[in-house]
Amino acid sequence: MSPSDGKPLDIQLDHAGLIVRDLVASGDLVERLGFTQTTRANHTRTNTQRQLVSAGSSQRSIMLHNAYIELMQITDAGAGHQLALAPTVRFGLHIVAFGTLDAAACQSLCLDNGVDAGPVLFWARPVEEAGLRGMARFAYFGAAWQPHDPSYLCWVEHRTPELLRSPRLLQHANGALGLSEIHYRGPRRQAGQWVARLRAAGARMACERANGVELTLANARIQVGFDEQLATVIPSALVLEFSDCAWLRARCLELGLPLREMEDGAFDLDLVEQFGLHWICKSRVQQR
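Here the residue index of a chain counts from 1 through its sequence in written order. Restriction of local features to residues with pLDDT of at least 70 applies here, the model being predicted, together with a cutoff of 80 or more for giving and counting side-chain atom pairs; totals for whole chains, interfaces and linings are based on all residues. To get the side-chain values, all heavy atoms of the structure are used, and hydrogens and water are removed first.

A. Quick look at the overall build of the protein. Looking only at helices and strands, the protein features five helices and 16 strands. On C-alpha atoms alone, the protein measures out to a radius of gyration of 18 Å, which is about the 19 Å that the 2.2 N^0.38 rule sets for 288 residues. By principal-axis analysis of the C-alpha atoms, the protein measures approximately 50 × 50 × 40 Å. Here the protein holds 288 residues, and the buried ones make up 54% of them. Contact between two residues is taken to exist if any of their heavy atoms lie within 4.5 Å; hydrogens are not considered. If you take every contact in the protein between residues at least 6 apart in sequence, the share linking residues at least 24 apart comes to 67%. Computed with a 1.4 Å probe, the accessible areas rest on the Shrake-Rupley method; for each residue, only the protein chains presented here act as cover. Here the protein displays about 13,300 Å² of accessible surface, and carbon together with sulfur accounts for 50% of that area. Positive charge is attributed to Lys and Arg, negative charge to Asp and Glu, and no charge count is given to His or to the chain ends. Each charge is placed at NZ for Lys, CZ for Arg, CG for Asp and CD for Glu. Distance between charge centroids for the protein: 2 Å, based on 28 positive and 30 negative side chains. Per the convention used, a helix needs a DSSP run of H or I reaching at least four residues, while a strand needs a run of E reaching at least two, with both numbered from the N terminus. Radius of gyration: over C-alpha atoms. The globule rule applied is 2.2 Å multiplied by the number of residues raised to the 0.38 power. Throughout, exposure labels follow a simple rule: accessible area from a 1.4 Å probe, protein chains only, divided by the maximum for the residue type, with under 20% read as buried, over 50% as exposed, and the rest as partly exposed.

B. Examining helix α4 (residues 246-255) more closely. For α4, every residue scored as buried is listed here: Leu248, Arg249 and Cys252. All buried residues of α4 fall inside an arc of 100 degrees around its axis, so they share one side. α4 presents Leu253 and Glu254 as exposed residues on the side facing more than 90 degrees away from its buried surface. Of the surrounding elements, those touching the buried residues of α4 are β13 (234-242), β14 (259-261), β15 (267-271) and β16 (277-283). Phi turns positive one or two residues past the end of α4, at Gly256, with a value near 75 degrees. When we speak of the arc, we mean the arc of directions from the helix axis to the C-beta atoms.

C. Region of interest: the confidence of the model for the protein. pLDDT expresses how confident the predictor is about each individual residue, on a scale running from 0 to 100. In this model, the protein carries an average pLDDT of 91, and 95% of its residues clear a pLDDT of 70 or more. Scored below 50 in pLDDT, residues 1-5 makes eight contacts in the model with residues more than four places away or belonging to other chains.

D. Up close: the pattern of salt bridges. Basic side-chain nitrogens of Lys or Arg form a salt bridge, by our definition, when they fall within 4 Å of a carboxyl oxygen of Asp or Glu. Under the criterion given, the structure shown has eleven salt bridges. Residues Arg197 and Asp149 are paired through a salt bridge, measuring 3.5 Å at the closest nitrogen-oxygen approach. Residue Arg197 is found in helix α3 (residues 188-201), and its partner Asp149 is found in the loop between β7 (132-142) and β8 (152-158); the two are separated by 48 residues along the sequence. Residue Glu254 is joined to Arg251 by a salt bridge in which the shortest nitrogen-to-oxygen separation is 3.6 Å. Taken together, the residues span about one helical turn, with Glu254 and Arg251 both in helix α4 at a distance of three residues. By relative accessible area, Arg251 is classed as partly exposed at 23%. Overlapping salt bridges, with partners in common, bring together Glu181, Arg209, Glu214 and Arg221 in one network.

As structure tokens, this is what we get:
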């Protein structure tokens, strides 16, 4: 079945998950860059005996008006986390999570579209923020994944959405508003295979150019560029939107972080050493 033959999936970009070496060091850096973060939380999962057990990972998130960024550390490689082997290949972006209102129905559609989707699982993490207390609960499923894949694709149903975004978590000193694009690069043949997987997962083809392909979701874009100098397809950049980039630009210069000026006041922040990819920072006019 080709991706165009499948049934349409009503999904959007929920979050991008970065696996980091050290959650403390990563959190310190994003705090210095002016991002507000959730408090550290440990993931738990329900096992086959319906017992709540450790999932072997801890996380902090940068909540945004559009999508969010999760910073995750594998804390126990033997606890059964499906991405436990990811750090043996590389650190950085390993998770692209699509949002759905009904994980079970979405899984059924994915199977119809030829996605090698796993069972719907139930995870949770505690939320202890100003004005928010409780256990955030998720139903999700993922596609088959190998450590060298460009990303692990999963679909998330938030069962306690009221615990996700408090006004405080959406206020960032740097004016961050949203995550609007994810970029990949790799050889044309492997890039084509990745595009096919993304289309089966629910992304829509927008256009194909000589140097790559653009896909769309309801709230974001995915760019897959062709680069024959690479051995495989890897994540290359996140595109973030800000009310104004001036504060963040000044802070990056103060911290000595490498950045490259781009068009329309945007800049490319090289965070390959820290997060495995670039963060492209763009200004946009806030909607009143």
